[in-house]
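Topology and contacts: notes
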Amino acid sequence: MCGIVGYAGRDRAAEILFEGLKKLEYRGYDSAGISTRDRGEIFTAKRGGRVEGLRLSLKELKGTVGIGHTRWATHGEANDANAHPHAFGRFAVVHNGIIENHAELRAELRAAGHVFASQTDSEVVAHLLDFYYEGDLADALRLACARLKGCWALAVLCADFDGFAVTRRGSSLILGRGEGFMAASDICALGGRSAFYCVPEEGDIALVTPSGIEIFDAELSPVGRAFSPVRDVEPDSDKGDCPHYMLREIGQNARTVRATCASVARLPGLKEVHSRLGAADRIALLGCGTAYNAALAGVRLLGGAYDACVTAHIASEARFDPPGLTARSVCIAVSQSGETADTVMAARAAREAGAYLVAVTNVGYSAITRVADKVIPVCAGTEICVAATKSYVGQLACLHILASPGRADVRAAQLLKAADGIERVVADGSRALEIARLCVRSRAVFFIGRGADADAAVEGSLKLKEVSYIFSDGYPAGELKHGTLALVDESVLAIVLITDEGLAEKCENAVEQILSRRGRVAVVTTLADVHRRLSPRTDAAWLLPPAPAHLSHFLTAAALQLVAYRAALLRGCDPDKPRNLAKSVTVE
Ligand code: GLU
């Protein structure tokens, strides 16, 4: 979380940094700030709220060198004082990550006479730099980092240095070279100015000046790091004609499935992955949030295809309670950004246990790709809306192909049909509005289903709560009578997914149980019979295009994403930037 950007070149820095921060805002939008340097003086503007709030201050920020930050607070409220950059002495610092030993360092520095201006963990870095500085910025940064515990990407401006320094450990950071020299948390912030990018190694320290970038390892020996053309990973971050990124990205679900199939089905080394899966004693899927929900679907898909014991794990738990992997096991780590701290750490632990590591990710240059034995690319393109939509269906497509040893082409053909179905769901979203209206009138919404529909229900619930802040929960329909039914009355809505003929009757029982307690029911189904039976008796019934049960989650995902989007709008929420959340969860 948090977006960092730095620029050193011939043009005014403030506007370039401001544009970069706007592109990084999906990573955090609690507060924002920019520092620039001109003739030995540092100028800073920072405040709580969105990046846009800095616009009027830009003209005061002189110089052609600077750093900027958009924050997702971990330590300290989202207010002006806690906004980055944090300045002390001759330094201004922006930080992405968490300094875990900040309290201890703060106490030590206070004892040495330092006075702190914020409640953040990050501010200690500015004070440490001041403490160690003897005229050499890179050396002060080396010494300061040696005292830190936790994870960080840091950009540092020093009044004495015509440029800025950056370093990273556990957080993302990219260097850019082109019209001027840049650093940023994500390639999208290089703003079309950089023709080449490079991902520095953990611990590297880079000095970025208007005349170039010098990279050193953690001991300050110069190192060469390869730069690649930015055009190979060109981000697509335009909203097009859509009022929100969320709607645009839901509209790209089908395209994502097609692109992912095309790319994964001819991926070199796919056979090797299939044979590893075939020989595995255990297959453990890891993920957080929506990626975990994709992993749940992966358990059914892979469990049906291989003899191994297949399980899904929430990465933040698996890291400290590893799923007993061996050298015969395969771990599949699912992460949209590939930077999800919990997933990267748990994946590393799996690899250390000897497991073969497969990364399913949307970002080809991300941290998880550098740990994995094999990367399965989700071809969703840049996903800007904080709530994952198209990346989820892309992850599902990857998992389908992983679950199709020896017949990936047959499964790819089925997925293309599913993509056509998604398009029909998205094109006819009128039912979504009707169900969204029911959601906003309800005290709570329960998403239920059986089999694969239960996993889709969990993801549908997450989407609704993320963007509309309506309380919701998702789980297997059979569980309703084991507790949750106690909550059902006329103010509660159940969204019931029914896409498997073999399980339909059992789900209809759950519908009866809710209706008997005067609860409201909206049915989302691919089965015409179910729709015919239930539509006269329920508050809403959405008939999706027909689909085989193992593919129906593509259709229900798109339908429930649209419901969540419409509910967010009805409640006046910004679906692209839900409160308290950020994309790319790079802190633990
Ligand atoms: N820990 C820092 C803060 O709260 C940075 C947070 C982040 O990277 O998301 O300001």
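Our subject is the structure listed above.
Quantities reported herein were computed from a predicted structural model and do not represent experimental measurements. (Residues numbered from 1 in each chain as written. Predicted model: local features only at pLDDT ≥ 70, side-chain atom pairs only at ≥ 80, totals over all residues. Heavy atoms only, no water.)

**Observations regarding unusual backbone geometry**
Between His84 and the following residue, Pro85, the backbone shows a cis peptide bond with an omega angle of 0°. As for its position among the elements, Pro85 is in the loop between β4 (65-71) and β5 (86-88). The residue Leu220 is not glycine, and still its phi comes out positive at about 70°. Here Leu220 lies in the loop between β13 (212-216) and β14 (228-229). The backbone phi angle of Tyr469 is positive, close to 65°, even though this residue is not glycine. Inspection of the secondary structure puts Tyr469 in the loop between α15 (452-468) and β21 (472-476). (Helix = DSSP H or I, 4+ residues; strand = E, 2+ residues; numbered from the N terminus.)

**Looking at helix α16 (residues 501-516)**
Taking 1.5 Å per residue as the helical rise, α16 with its 16 residues ought to reach 22 Å, and the 23 Å between its terminal C-alpha atoms agrees with that figure. Taken together, the buried positions of α16 are occupied by Ala504, Cys507, Glu508, Ala510, Val511, Ile514 and Leu515. Within α16, the buried residues cover an arc of 160° as seen down the axis, which keeps them to one side. Turned more than 90 degrees off the buried face of α16, the exposed positions are Gly502, Glu505 and Ser516. Where α16 is buried, its residues touch β20 (444-449), β22 (492-498), β23 (520-525) and α17 (528-534). With a side-chain oxygen positioned 3.0 Å from the backbone nitrogen of Gly502, the residue opening α16 is Asp500. (Expected span 1.5 Å × (residues − 1). Buried < 20%, exposed > 50% of the residue type's maximum accessible area, 1.4 Å probe, protein only. Arc of directions from axis to C-beta. Contact = heavy atoms within 4.5 Å. Polar contact = N/O pair within 3.5 Å; in protein donor to acceptor, adjacent residues only side chain to side chain.)

**Regarding the packing of helix α14 (residues 430-440) against helix α18 (residues 552-570)**
One way to put it is that α14 packs onto α18 with a least axis distance of 8 Å and a crossing angle of 55°. Here α14 is positioned oblique relative to α18, judged by the angle of their axes. In the crossing of α14 with α18, the sense of the turn from one axis to the other is right-handed. Contacts between α14 and α18 involve Ala432, Leu433, Ile435, Ala436, Arg437, Cys439 and Val440 on the former and, on the latter, Leu562, Val563, Arg566, Ala567 and Leu570. Classifying every residue of the contact of α14 with α18 by side-chain character gives 10 nonpolar, no polar and 2 charged. (Axes fitted to C-alpha atoms, helices over the stretch in contact; angles between N-to-C directions. Parallel < 35°, antiparallel > 145°, perpendicular 65-115°, else oblique. Left-handed = near helix turned anticlockwise from the far one by under 90°. Nonpolar A, V, L, I, M, F, W, Y, C, P; charged D, E, K, R; others polar.)

**Examining the environment of Cys573**
Along the chain, Cys573 turns up in the segment after α18. Apart from the residues within four sequence positions on either side, Cys573 is in contact with Val467, Ser468, Tyr469 and Ala568.

**What about the packing of aromatic side chains?**
Applying the stated criterion across every chain yields a total of 4 aromatic pairs. With a centroid separation of 5.0 Å and 90° between ring planes, the pair formed by Phe91 and Tyr133 is classed as edge-to-face. Of this pair, Phe91 sits in strand β6 (residues 91-99) while Tyr133 sits in the loop between α3 (123-132) and α4 (137-145); the two residues are 42 residues apart in sequence, bridging distant segments of the chain. Residue Tyr133 is classed as buried on the basis of its relative accessible area of 18%. Lying over the aromatic face of Tyr469, Arg579 brings its terminal NZ or CZ to 3.9 Å of the ring centre. (Phe/Tyr/Trp six-rings, centres within 6.5 Å; stacked < 30°, edge-to-face > 60°. Lys NZ or Arg CZ within 6 Å of the ring centre and 35° of its normal.)

**A few points about the site of the ligand**
Near the ligand lie 14 residues; those nearest to it are Arg71, Thr74, His84, Gly97 and Asp121. One of the side-chain nitrogen or oxygen atoms of Arg71 is found 2.6 Å away from an oxygen atom of the ligand. Surface burial for the ligand is 100%, taken as the share of its 300 Å² of free accessible area covered by protein chains. Looking at the shell around the ligand, the element that brings in the most residues is β6, giving 3 residues. Of the residues contributing to the shell around the ligand, the split by class is 4 nonpolar, 8 polar and 2 charged. (Near = heavy atom within 4 Å. Areas by Shrake-Rupley, 256 points an atom, 1.4 Å probe, with all protein chains shown as cover.)

**A short note on helix α7 (residues 270-279)**
Three or four residues apart is the spacing at which side chains of an α-helix point the same way, because the helix has 3.6 residues per turn. All of the buried residues along α7 are Leu270, Val273, His274 and Leu277. Projected down its long axis, α7 carries its buried residues within an arc of 100°, all on one side.

**Topic: the packing of helix α8 (residues 289-303) against α15**
As a packed pair, α8 and α15 sit with axes 9 Å apart at the nearest point and diverge in direction by 175°. Between α8 and α15, the interaxial angle falls into the category roughly antiparallel. In contact with Gly289, Thr290, Asn293, Leu296, Ala297 and Arg300 of α8, α15 contributes Ala452, Ala454, Asp455, Val458, Glu459, Leu462 and Lys463. Considering only residue class, the contact of α8 with α15 consists of 6 nonpolar, 3 polar and 4 charged.

**Here we look at the nonpolar core**
In this structure, Leu302, Ile332, Leu402, Ile495, Trp542 and Phe554 are the most contacted members of the largest nonpolar core, which totals 117 residues. For this core, the element with the highest residue contribution is α18, accounting for 12 residues. Listed in part, the 27 residues of the second largest apolar core include Leu109, Leu128, Trp152 and Leu207. (Core = buried A, V, L, I, M, F, W, Y, C linked by side-chain atoms within 4.5 Å.)

**A word on the pairing of β13**
With 5 bridges connecting them, strand β12 (residues 205-209) and β13 associate as antiparallel partners. Across the sheet, the residue bridging to Ala206 is Ile215, located in β13. Taking the residues that link successive antiparallel strands as the turn, the β12-β13 hairpin has 2 residues. (Pairing = 2+ DSSP bridges.)

**Examining the sheet that holds strand β9 (residues 174-178)**
One open sheet accounts for 8 strands, arranged β3-β2-β4-β1-β10-β9-β11-β14; its pairing is antiparallel. Only two strands of the sheet have a single neighbouring strand rather than two, namely β3 (41-48) and β14. The sheet contact formed by strand β11 (residues 194-198) and β14 spans 2 bridges and is antiparallel. Within β14, the residue paired with Tyr197 across the bridge is Ser228.

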